[in-house]
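Observations on the three-dimensional arrangement
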Amino acid sequence: MSTPNSPTASDRSARVVLTWLAEPGNRTVWEMVQKHGAPETVERLQSKHLPEKALRAAVQARTAEFDPARVAEAALRRADQLGARIVVPGDDEWPARVDSLALLELDGTLRINHDVRPPLCLWVRGSWPLGQTLDRSVAVVGARACTGYGKQITTDLAYGLAERGWTVVSGGAFGIDAAAHRGALAAGGRTVAVLACGVDRPYPAGNAAMFERIVETGLLVSEWPPAAEPLKHRFLIRNRVIAAATAGTVMVEAAARSGAAQTMNRVLALGRPAMVVPGPVTSAMSVGCHELLRTYPEATLVTGLPHVLEAVGRIGEYYSDAPRGPEHRRDALDEESALVLEAVPPKGAATPEELAVHAGLALRTVLRRLSLLELSGLVERREDGFALPRPASPAVSPAASSAAAASAVSPAASSAASSAASSAREAAR
């Protein structure tokens, strides 16, 4: 049931038109919608009195051949046939995190760094509520031409995140993206593919079967209407949504120039957890990862699921223990006891006086520490002083004991047994 603040049908239709007239994220269009509303913004754009030359040219080019209202009607009809829906601000399932793009400012003069405003609408395929699905989500991004190392790390991370109730978000491409989606699907969890084309166009086509599985258990999301083509610049526009919609982003592998690195720049600018998996220094697919870690101190190096969960979870929800080697009894020794133990020779024994010289400690101190070390089983007392414990004798199994007992039978008994066996064989003949 609609509420007084629910978006109207005219608002939805106008947002579809605006996304078609100008690429998503356009700063001028977004600001006009905030000020005048979507329907009036459509009218103002078509009045051809826009001060911004590039936007005016784009609108004129697209309206010269097509009627915007019919384009929107066709897109909504196609979405209905697909079982897709359009989600706009004001809907209950609108993902609130993407609104943070309203404050995103990036360095550079390129439009891709200037036009980074929030989406006007999102097209969705799949039954899960969009906002709820993205509430606890982690993006996993990286190279298309990933290595076996990158694929394995990504699959393990995605599987573990999905297993713990986190949604895995990526871009649906080959390589790291596909490994992330498939890892989540293998765990029976939810995954979201944010596309740079219409939700009815599986791109790349080689992942078509994967996209169908995602629709069944997760979501396909796009800012572009159905039938929109996957143009190169749209992937870069799309990346800001992946960065903004999730609680944090992990970059597994990336070359020196990578779209994944561009996504991470937006993650860092938004102040979200930016996590980077290191790789071999000889791998071209890890150059981008290492450079990001070198350039941005706020980027976090992660080597597995515990690190990722600790970065994105609520305070105190997850804790990652520091890796430790095998523990030994001597690890808990105080400094003086450790010095005395270190002075005990590896072979033979030493007197307390000799140990005092080697350890550089007073004899009284050495005697006290030797008593504690002896109680701990780390040294043993012998007639000629103190030594390291002798290795324990290997345990002898009952079968081995029986065999040893049998081998210990006297030669006479063995000879008698042999004669008895020979007599038995003669009688049998």
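Preceding block: the structure.
What comes next concerns the included structure. (Residues numbered from 1 in each chain as written. Predicted model: local features only at pLDDT ≥ 70, side-chain atom pairs only at ≥ 80, totals over all residues. Heavy atoms only, no water.)

What to know about the overall build of the protein chain
Here is the rule we go by: The helix count covers DSSP runs of H or I at least four residues long, the strand count covers runs of E at least two residues long, and both are numbered beginning at the N terminus. Any two residues whose heavy atoms approach within 4.5 Å are treated as being in contact. Areas reported as accessible are Shrake-Rupley estimates using a 1.4 Å probe. Residue values count occlusion only from the protein chains shown.
Secondary structure assignment for the protein chain yields 19 helices and 11 strands. Sequence-distant contacts, at least 24 apart, represent 74% of the contacts inside the protein chain between residues at least 6 apart. Accessible surface, the protein chain: about 22600 Å² in total, of which carbon and sulfur atoms supply 54%.

Some words on the nonpolar core
Put simply, the test is: Take the buried residues of types Ala, Val, Leu, Ile, Met, Phe, Trp, Tyr and Cys, join any two whose side-chain atoms come within 4.5 Å, and each joined set is a nonpolar core. Exposure is judged per residue with a 1.4 Å probe applied to protein chains only, and the accessible area is read against the type maximum: over 50% gives exposed, under 20% gives buried, and values in between give partly exposed.
Grouped together as the largest cluster of nonpolar side chains are 37 residues, with contacts concentrated most on Leu18, Val29, Leu45, Trp123 and Leu220. Counting residues per element, the ones that place at least two in this core are helix H1 (9-21), helix H2 (27-36), helix H3 (38-46), helix H4 (53-63), helix H5 (68-82), helix H9 (176-186), strand E5 (191-195) and helix H10 (208-217). Per-element tally for this core: the top contributor is H1, with six residues. Leu106, Ala139, Val194 and Ala243 belong to the second-largest nonpolar core, a separate cluster that totals 35 residues.

Describing unusual backbone geometry
In this structure, proline 204 follows tyrosine 203 across a cis peptide bond, with omega equal to 0°. Here proline 204 is to be found in the loop between E5 and H10.

Topic: the side chain of arginine 234
Rules: In protein, a polar contact requires one atom able to donate a hydrogen and another able to accept it; more generally it is a pair of N or O atoms within 3.5 Å, and residues adjacent in sequence count only if both atoms are side-chain atoms.
When you line up the elements, arginine 234 lands in helix H11 (residues 232-245). A polar contact is formed between the side chain of arginine 234 and the side chain of glutamate 23, at a distance of 3.2 Å. Engagement of the side chain of arginine 234 in a polar contact is seen with the backbone oxygen of glutamate 229, the distance being 2.7 Å. Apart from the residues lying within four places of it in its own chain, the contact partners of arginine 234 are Glu23, Arg62, Ala196, Trp224, Ala228 and Glu229.

What to know about the sheet that holds E5
Our working rule: Pairing between two strands requires that DSSP report at least two bridges joining them.
Pairing is mixed in the open sheet, where nine strands are placed in the order E1-E2-E6-E5-E4-E3-E7-E8-E9. A single partner strand is all that each edge strand has here, and the edge strands are strand E1 (85-87) and strand E9 (300-301). Examined bridge by bridge, E1 and strand E2 (residues 122-125) share three bridges and lie antiparallel to one another. Bridging from a neighbouring strand, valine 87 pairs with leucine 122 of E2.

Just geometry here; none of it tells us what the structure is for.
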